[in-house]
Amino acid sequence: MVLFKMQFPLEKRVKLAQGLWLLSWLATIAGALTFSVGIFLKTELRKRSEVMDNTEIHAVPNTLILVGLASLGVNFFAGRICQDSLDVARFPRWKGFVTPYFVGSGFFCFLLLVAVIMSYAMKGNLEESLKIGLKNGIRFYKDTDTPGRCFQKQTIDLLQIEFKCCGNSNFKDWFEVQWISNRYLDFSSKEVKDRIKSNVDGRYLVDGVPFSCCNPTSPRPCIQQQISNNSAHYSYDYQTEELNLFTRGCRAALVSYYMGLMNTIGVGVLLVFLLQVLVLVSLRYLQTAAEGAVGQEDAACETEGYLLEKGVKETLKSSFESLAQVFRVNQVEAGGGEGGDAAVTP
């Protein structure tokens, strides 16, 4: 049973070919943009790799880069088929190529849809990766003399300044780690000795935060030491005072930033997916309409175009059988070539 059948006189076939040629080039440009967006997102993720625990989130930009490159090839061939579709002498040469092309293009569209879903579904993975990565980053903040961690302080400080955030969940995360290196502690000081002795792990913990947590928009000079000590500061109440620190945690700030990027990218890739589906549907109509004109005495006659010659199940089965046959023919030809080479070798 033929599905979605339409009649195509020559004038309509010409307009379809011209419109499809334009669509294929628009889809090619969209593919190049998808590739560029994938590179941009991967670069942005790599910038914060030091505060991420794993690279699973890179599956999103990697998929975008892959489908962007595939789009260039898919739509280039679509444009070539459009050019030859109106020439009954040149179009038959595409006959053996069209079925594998549609299968490959269908898989390409599936990858586009996967990229859209992943753009929205990776929030939990991103948040968990940042939670562990930021926790380690704060813990290693003081290790400026340790190889492999010497830039951790700079990374965290620049991150907190750029995203106007403090700590992992909030500024209190700094109270739970020793973020001042022993190199800068005066161990002859009674205060330092008392603080270290009061901690079971022998760490120097303070209710303070690095300078990068200070909010420059606050009218009051930054209070970054003895934050919870009301008597240490004039006219200050830790519980009620609006602190002149960034109150948002860096995990929430980064998740908001990256999910904002990926949600926007997801909408863009969805539009590319719809454009690509339109190209494939139009190309299918053009292919079937052009095949109807091959072998006719009057090439300008009216022909039928359709999406599926049979039902969906039968079409899929036939397509896979055609691909398997092409694969077997290639194997036989390759085996014959190797046998011929062996025959002439002394």
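What counts, and where the lines are drawn
- One numbering rule holds for all chains: residues counted from 1, following each sequence as written.
- pLDDT decides what is reported in this predicted model: residues at 70 or higher carry local features, side-chain atom pairs at 80 or more are listed and counted, and totals for whole chains, interfaces and linings draw on all residues regardless.
- Only heavy atoms go into the side-chain values, all of them from the structure, while hydrogens and water stay out.
- Going along the chain from the N terminus, every DSSP run of H or I of four or more residues is numbered as a helix, and every run of E of two or more is numbered as a strand.
- The buried label goes to any residue with under 20% of its type's maximum accessible area, the exposed label to any with over 50%, and the partly exposed label to all in between, with areas taken from a 1.4 Å probe on protein chains only.
- In plain words, nonpolar cores are sets of buried Ala, Val, Leu, Ile, Met, Phe, Trp, Tyr and Cys residues tied together by side-chain atoms within 4.5 Å.
- By definition, residues are in contact when any of their heavy atoms lie within 4.5 Å.
- Throughout, disulfides are identified as pairs of cysteine sulfur atoms within 2.5 Å of each other.
- Pairing of aromatic rings covers Phe, Tyr and Trp, the last through its six-membered ring, and needs centres within 6.5 Å; plane angles under 30 degrees mean stacked, over 60 mean edge-to-face, and all others mean tilted.
- Any Lys NZ or Arg CZ that is within 6 Å of a ring centre and within 35 degrees of that ring's normal is treated as a charge sitting over the ring.
- What goes into a patch is any residue over 30% in relative accessible area without a salt bridge, connected to like charges within 9 Å or, for nonpolar side chains (Val, Leu, Ile, Met, Phe, Trp, Tyr), within 5 Å.
- The method behind every accessible area is Shrake-Rupley, applied with a 1.4 Å probe, and residues are considered shielded solely by the protein chains displayed.
- Counted as salt bridges are all cases of a side-chain nitrogen of Lys or Arg within 4 Å of a carboxyl oxygen of Asp or Glu.

Asker: Which parts of the structure should I look at to understand the environment of Asn 136?
Answerer: Within the fold, Asn 136 resides in helix α4 (residues 123–139). The exposure class of Asn 136 is partly exposed, given its relative accessible area of 23%. Distance in space between the C-alpha atoms of Asn 136 and Gln 152 is 9.6 Å, their sequence separation being 16 residues.

Asker: I tried to follow the nonpolar core on my own but got confused; where do I start?
Answerer: Nonpolar side chains in soluble globular proteins tend to be buried together. Counting 79 residues, the largest nonpolar core has Phe 171, Trp 174, Val 209 and Ile 227 as the members making the most contacts within it. Of all the secondary-structure elements, those providing two or more residues to this core are α1 (10–47), α2 (59–84), α3 (95–121), α4, α5 (152–163), α6 (190–197) and α7 (250–293). The dominant element in this core, judged by the number of residues it contributes, is α7, at 19 residues. For Val 209, the contacting residues outside a window of four places in its chain are Cys 166, Phe 171, Trp 174, Phe 175, Trp 179, Gln 224, Gln 225, Ile 227 and Leu 245.

Asker: What's the story with the state of the cysteines in this structure? I'm lost.
Answerer: Note on terminology: a disulfide is the covalent bond linking the sulfur atoms of two cysteines. Evaluated as defined, the whole model comprises three disulfides. The disulfide bridge from Cys 166 ends at Cys 213, spanning 2.0 Å between sulfur atoms. Torsion about the S-S bond of the Cys 166 and Cys 213 cystine: about 85°, corresponding to right-handed handedness. With Cys 166 in the loop between α5 and α6 and Cys 213 in the loop between α6 and α7, the pair connects residues that are 47 residues apart, well separated along the chain. Across the disulfide, Cys 214 is cross-linked to Cys 222 (sulfur-sulfur distance 1.9 Å). Handedness here is read from the sign of the S-S torsion; for Cys 214 and Cys 222, about -75°, the answer is left-handed. Regarding the disulfides, the protein carries the connectivity 1-6, 2-3, 4-5 under sequence-order numbering of its bonded cysteines.

Asker: Explain the packing of aromatic side chains here, please?
Answerer: Within a pair of aromatic rings, the relevant descriptors are the distance that separates the centres and the angle that separates the planes. Overall, the coordinates contain nine aromatic pairs when judged by the stated rule. Each ring, one from Phe 163 and one from Tyr 257, has its centre 5.3 Å from the other, and the planes form 70°; the classification is edge-to-face. You can see Phe 163 sitting in helix α5 and its partner Tyr 257 sitting in helix α7, a full 94 residues away along the chain. Residue classification places Phe 163 among the buried positions, given a relative accessible area of 10%. Where Phe 171 meets Phe 175, the ring centres are 5.9 Å apart and the plane angle is 75°; that geometry is what we call edge-to-face. Each member of the pair, Phe 171 as well as Phe 175, is classed as buried. Members of the aromatic cluster, each reached through a chain of ring pairs, are Tyr 141, Trp 174 and Trp 179. Positioned over the ring face of Phe 140 is Arg 149, at 3.7 Å from the centre of the ring.

Asker: Would you mind showing me how to read a nonpolar patch on the surface here?
Answerer: Judged by side-chain polarity, Trp 21, Leu 22, Trp 25, Leu 26, Ile 29, Leu 33, Phe 76 and Phe 77 come together as a nonpolar surface patch covering roughly 790 Å² of accessible area. At the level of elements, α1 and α2 are the ones that each hand at least two residues to the nonpolar patch. In terms of residues, the nonpolar patch owes the most to one element, α1, which gives six residues.

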